[in-house]
Amino acid sequence: MNDRARIEVHAGDITKLAVDAIVNAANTSLLGGGGVDGAIHRAAGRELEFECRMLNGCKVGEAKITKGYKLPARYIIHTVGPVWQGGGKGEAELLASCYISSLELAAANDCRTVAFPAISTGVYRYPKDEATQIAVDTVGAFIDERTMPETVIFCCFDDQMAELYRQAVAALRKS
Ligand code: ADP
């Protein structure tokens, strides 16, 4: 089997996905914010914030896991992407590390299906093409080596981003 068939691209709202884990593009406080983070906290309910308060924040490039509460997803994996500062501050390595840390946590918690948003491409201003390439390459390399998670969904909020991901995934399949 071509392992790259384990990657899917979906356009829509990540809070609606009934998967084992969704990934949150959080901030270092883990106490909620705007964008996808705000949407996840609103949909999961206040209990999520109570659990997040116990976690003592999260460093850029790392990840922490909570329950999904009112979400259809069983778990939320909170990771903190880098703020784009021009590319010379280790942003690429930190962004790749978000994907790896999240996948490690997913595997450790027996998650078969995990959905990622496009980490850092909103308020954190990471250029979309470069972020997409890092996301797809990093996930592709990880699942080549591992059996879990079985399926990774890239959940894009709009069709333009979904198209970028589809192109990057198609290029990965040919490589
Ligand atoms: P960051 O601070 O890491 O840049 P943002 O939440 O601002 O995080 O944006 C990350 C990406 O998540 C953006 O591409 C944005 O369009 C997307 N996004 C926002 N809301 C949702 C949602 N409900 N589901 C999926 N993706 C979302």
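Residues numbered from 1 in each chain as written. Predicted model: local features only at pLDDT ≥ 70, side-chain atom pairs only at ≥ 80, totals over all residues. Heavy atoms only, no water.

As recorded by an unreviewed UniProt entry, the protein carries the name O-acetyl-ADP-ribose deacetylase and is attributed to Mesorhizobium kowhaii.

Colleague: For this particular structure, what's the right way to read the sheet that holds strand β6 (residues 151-156)?
Modeller: Strand pairs in the sheet, formed through backbone hydrogen bonds, run parallel or antiparallel to each other. Spatial strand order, β1-β6-β5-β2-β4-β3: six strands in an open sheet with mixed pairing. This sheet does not close on itself; its edge strands, each paired only once, are β1 (7-11) and β3 (63-67). Pairwise comparison of adjacent strand axes, ignoring direction, gives a mean angle of 25° for this sheet. Relative to strand β4 (residues 75-80), β3 runs antiparallel, the two being bridged by five bridges. For K67, the partnering residue across the bridge sits in β4 and is Y75. Lying on the sheet, helix α3 (residues 91-108) is in contact with β2 (21-26), β3, β4, β5 (113-116) and β6; it crosses β4 at an angle near 155°. (Pairing = 2+ DSSP bridges. Helix = DSSP H or I, 4+ residues; strand = E, 2+ residues; numbered from the N terminus. Axes fitted to C-alpha atoms, helices over the stretch in contact; angles between N-to-C directions. Contact = heavy atoms within 4.5 Å.)

Colleague: Would you take a moment to explain helix α1 (residues 35-44) for this structure?
Modeller: Residues spaced three or four apart along an α-helix point in a common direction, a consequence of the helix completing one turn every 3.6 residues. Listed as buried for α1 are D37, G38, I40, H41 and A44. In a view along the axis of α1, the buried residues occupy a sector of 165°, so they form one face of it. In α1, the exposed positions that point more than 90 degrees away from the buried face belong to G35 and R42. Looking one or two places after α1, you find G45, whose phi comes out positive at around 95°. (Buried < 20%, exposed > 50% of the residue type's maximum accessible area, 1.4 Å probe, protein only. Arc of directions from axis to C-beta.)

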